[in-house]
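What the coordinates show
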Amino acid sequence: KKINARTPYIIGSMVDLGSLDMVKLGEFSSAPHLSKGEEFTLTVRHEVEYDELTSEVSYDGFIEVAEVGDLIQINDNVELIVASKNSTDVVCEVIKGGQLTSRAPIIVRGKSYSASTNVPTGDLELATSEDVDFVSLSFVEDAASVEQLRSELRDRGCNSGVVAKVETPKALQNIESIVEAADAIMIARGDLGTSIAFEKVPLWQERITKLCRECGKPVLVSTHFLDSMVAYPTPTRAEITDIFEAVRQKADALVLTTETASGRYPYKALNAMHVAAKRMESKAQESAEIDPIAALSMPLDKPFQSVLRVAENIANSASIIANQQLAKAIVVFTQKGLMASLVSRNRPNAPILAFAPTAEAREKLTLVHGVRPFLLEFSDDPEHTIAEAFKVLVSRGWLESGDLVIIVADVLGGRSGAPDSEKRAVFDEVAEGSAEISSSRVRAALRKMSLKATDTVEFKLAHGDTGTISYEEFAEVASNAKQIVHTVQLRYCP
């Protein structure tokens with residue numbers, strides 16, 4: 001937050017919420033090293049101490065989940081087969097030895113503990129008190145888990161986006177509804193690879209990445225990109241190829257985990273990923289210069305929401321023109337970030353320089369592919385807003401005088417207001433039987449009539465403490481609103 005406030009750099013923040021579906025080993029006074037063929041017991045006896053080949057587990061329901069013949073993986077490096085069980089103990093045979101550590105995660109391959117959809121209160125309080133941009137939820141298996149977390153966040157007055165981590169077979173079964181419900185998706189390949197056959201992980205990565213782009217949702221790919229750099233200063237060629245593939249699939253973000261959390265070479269790992277990703281992106285840009293339309297691999301006739309068809313077509317057009325004309329940048333003005341996301345969905349060659357009127361909207365755009373977000377107070381005069389944006393971009397070194405730029409912006413024109421019958425019908429639809437609507441819903445109601453109030457009025461309604469408004473108050477706002485005209489403009493930087 002201090003970096004965002006005091007420097008030109010913008011960094012999004014995310015808290016990874018713990019999950020009660022993550023079962024762990026107990027504490028070891030001296031961590032054992034297991035050898036192949038040894039017997040190791042997982043128990044829920046809750047005794048004061050155990051022998052070195054027995055460990056308590058953090059969830060009593062583990063006994064109900066584990067069955068004879070199940071494969072159990074601990075900390076990604078130890079594998080056990082369940083040989084027998086009783087009411088308190090799961091007795092296992094070690095088939096792949098290794099060092100155990102206290103509180104190491106336990107995974108029963110192909111199964112979910114389904115302990116609860118709740119998250120630990122402490123983690124949630126941290127996320128809300130720090131006002132982070134995103135929270136990620138582990139072991140999401142259906143859309144209901146996402147909606148429950150979103151509801152808990154809203155109850156605490158928090159507008160953080162929800163990132164659903166996909167890491168179980170059940171999540172794959174419900175992937176379409178999860179993508180629709182979440183604000184972003186993280187493909188957690190480490191846990192996913194222990195829950196399904198490892199050779200299926202690349203196929204699911206590609207499918208989920210494509211689905212997220214179709215739905216206009218950011219997708220993050222996580223785990224094991226540069227695993228060798230936990231201990232060594234240079235990556236393997238296979239690891240660099242893995243990064244190339246994720247970039248080729250046009251993922252929004254690549255996530256380093258152990259490499260930077262506890263590895264010996266965190267900066268070198270980050271730099272290696274950056275260099276490899278930039279090289280692949282440069283190659284993709286060369287293809288875009290040869291065929292600027294084919295490079296936009298998203299179907300232009302498949303809008304992910306019909307109500308956004310016009311905005312989507314504007315974003316598609318801006319991307320095509322930018323590629324054809326070799327524009328220096330696409331400059332987007334967006335209240336909430338939607339238009340910038342729609343342009344990003346096409347992965348145009350030019351950087352997307354997005355201006356938003358709030359820090360919240362700006363920082364959420366840090367997760368969107370190709371977007372560089374800026375904070376700017378919007379004027380009721382669009383030309384003044386565009387002129388101020390050019391000043392910012394020139395001062396930051398993004399543009400020079402004479403550079404060709406594609407502008408994507410809404411201007412107010414055409415008719416003013418709407419017929420009383422249309423205003424009443426829209427109000428009743430949004431109010432759902434109530435005599436009043438939340439002031440934050442006025443903007444959505446106006447959009448149903450293709451209307452927009454001035455930026456000043458809409459900002460006060462969306463962010464002010466104005467409570468609810470009646471139909472009469474809504475009708476007055478709608479009468480003074482004007483028809484939205486979506487524009488794509490070709491301009492040269494002054």
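Refer to the structure presented above.
Here's what I pulled together on the structure shown here.

Quick notes on the rules
- Residues numbered from 1 in each chain as written.
- Predicted model: local features only at pLDDT ≥ 70, side-chain atom pairs only at ≥ 80, totals over all residues.
- Heavy atoms only, no water.
- Pairing = 2+ DSSP bridges.
- Helix = DSSP H or I, 4+ residues; strand = E, 2+ residues; numbered from the N terminus.
- Axes fitted to C-alpha atoms, helices over the stretch in contact; angles between N-to-C directions.
- Contact = heavy atoms within 4.5 Å.
- Buried < 20%, exposed > 50% of the residue type's maximum accessible area, 1.4 Å probe, protein only.
- Disulfide = S-S within 2.5 Å.
- Core = buried A, V, L, I, M, F, W, Y, C linked by side-chain atoms within 4.5 Å.
- Patch = residues over 30% accessible without salt bridge, like charges linked within 9 Å, V, L, I, M, F, W, Y side chains within 5 Å.
- Areas by Shrake-Rupley, 256 points an atom, 1.4 Å probe, with all protein chains shown as cover.
- Salt bridge = Lys/Arg side-chain N within 4 Å of Asp/Glu carboxyl O.
- Lys, Arg positive; Asp, Glu negative; His and termini not counted.
- Charge placed at Lys NZ, Arg CZ, Asp CG, Glu CD.
- Expected span 1.5 Å × (residues − 1).
- Arc of directions from axis to C-beta.
- Polar contact = N/O pair within 3.5 Å; in protein donor to acceptor, adjacent residues only side chain to side chain.
- Right-handed = clockwise from strand over helix to strand, strands pointing away.
- Phe/Tyr/Trp six-rings, centres within 6.5 Å; stacked < 30°, edge-to-face > 60°.

Focus on the sheet that holds strand E14 (residues 219-222)
Pairing between the strands of a sheet is mediated by backbone hydrogen bonds and can be parallel or antiparallel. Strand order in the open sheet formed by six strands is E1-E11-E12-E13-E14-E15, and the pairing between neighbours is parallel. The open sheet has two edge strands, strand E1 (14-17) and strand E15 (253-255), and neither has a second partner. On average, each strand axis in the sheet is inclined to that of its neighbour by 25°, with strand direction left out of account. Summarising the sheet, strand E12 (residues 161-166) and strand E13 (residues 184-188) pair through four bridges and their orientation is parallel. When the sheet's bridge partners are listed, Lys165 is paired in E13 with Met186. Contacts from helix H8 (residues 201-214) reach E12, E13 and E14, with the element oriented near 175° to E13.

Considering unusual backbone geometry
A positive phi is found at Thr223, a non-glycine position, where the angle reads about 90°. Mapping Thr223 onto the fold places it in the loop between E14 and helix H9 (237-248). Exposure remark for Thr223: the relative accessible area of 13% places this residue in the buried category. One non-glycine residue, Glu432, lies in the positive phi region at around 55°. The topology assignment puts Glu432 in the loop between helix H16 (420-431) and strand E20 (436-438). Its relative accessible area of 72% is what places Glu432 among the exposed residues.

So, the sheet that holds strand E10 (residues 105-108)
Reading across the sheet, the seven strands line up as E2-E10-E6-E7-E8-E4-E5 and stay open at both edges, with mixed pairing between neighbours. Each end of this open sheet is capped by a strand with a single partner; those strands are strand E2 (23-24) and strand E5 (54-56). Here strand E7 (residues 78-85) pairs with strand E8 (residues 89-96) via six bridges, running antiparallel. If you follow Glu79 over to E8, its bridge partner there is Lys96.

Some points on the state of the cysteines
Counted under the stated rule, the structure contains zero disulfides. Unpaired in terms of disulfides, Cys212 finds its nearest cysteine sulfur in Cys215, a separation of 7.1 Å. Residue class for Cys215 comes out partly exposed when judged on its relative accessible area of 22%.

Thoughts on the nonpolar core
Counting residues in hydrophobic clusters, the biggest one holds 48 residues, and the most contacted among them are Val135, Leu149, Ile185, Ile208, Phe225, Leu226 and Ile243. Looking at which element gives the most residues to this core, the answer is helix H11 (residues 266-290), with six residues. Excluding its chain neighbours within four sequence positions, the residues that come into contact with Ile208 are Val166, Leu172, Ile175, Ile185 and Ile187. Counting 23 residues, the second-largest nonpolar core is a separate cluster that includes Phe62, Ala66, Val90 and Val94.

Digging into a negative patch on the surface
A surface patch of negative charge is lined by Glu436, Glu472, Glu473 and Glu476. Relative to the helices and strands, Glu472 resides in helix H19 (residues 471-480).

Here's the deal with H8
Given a rise of 1.5 Å per residue, 14 residues ought to cover 20 Å, and the 20 Å separating the end C-alpha atoms of H8 matches this to within 8%. Of all the positions in H8, only Val201, Trp204, Gln205, Ile208, Thr209, Leu211, Cys212, Arg213 and Glu214 are classed as buried. Just downstream of H8 lies Gly216, where phi reads positive at about 70°.

Comments concerning a nonpolar patch on the surface
Together, Ile3, Tyr9 and Ile11 make up a nonpolar patch on the protein surface, roughly 330 Å² of accessible area in all. Relative to the elements of secondary structure, Ile11 occurs in the loop between helix H1 (2-6) and E1.

Examining helix H15 (residues 382-395)
In an α-helix there are 3.6 residues to a turn, and that puts residues three or four apart on one side. If you check H15, its first and last C-alpha atoms are 20 Å apart, about what 14 residues at 1.5 Å a residue would give, namely 20 Å. Inspection of H15 places Thr385, Ile386, Ala389, Phe390 and Leu393 among the buried residues, and these make up the whole buried set. One side of H15 holds all its buried residues, which, seen down the axis, span an arc of 140°. Away from the buried face of H15 by more than 90 degrees, exposed residues Lys391 and Ser395 are located. N-cap assignment for H15: the residue whose side-chain oxygen lies 3.1 Å from the backbone N of Glu383 is Asp381. One or two steps after H15, the chain reaches Gly397, where phi turns positive at roughly 85°.

Concerning the pairing of E14
Judged by which residues are buried, E14 turns out to be covered on both faces: Val219 and Val221 on one side and Leu220 and Ser222 on the other are all buried. Pairing of E13 with E14 involves four bridges; the strand directions are parallel. Bridge pairing in E14 places Ile187 opposite Val221. Looking at chain direction, E14 and E15 are connected through three bridges and run parallel. Note on E15: the bridge partner recorded for Ser222 is Val255. This β-α-β element, E14 to H9 to E15, shows right-handed connectivity.

Looking at the packing of aromatic side chains
Summed over the entire model, instances satisfying the criterion amount to five aromatic pairs. Centroid distance Phe355 to Phe374: 5.1 Å. Interplanar angle 20°. Geometry classified as stacked. Note that Phe355 is positioned in strand E17 (residues 352-356) and Phe374 in strand E18 (residues 371-375), a separation of 19 residues in sequence. Judged on exposure class, the residue Phe355 and its partner Phe374 are both buried. Ring centres 5.7 Å apart and planes at 45° place the aromatic pair Phe427 and Phe474 in the tilted group. Here Phe474 lies in helix H19 and Phe427 lies in helix H16, a separation of 47 residues in the sequence. Take Phe427 and Phe474: they sit in the same class, and that class is buried. An aromatic cluster is present here, built from Phe333, Phe355, Phe374 and Phe378 joined pairwise through their rings.

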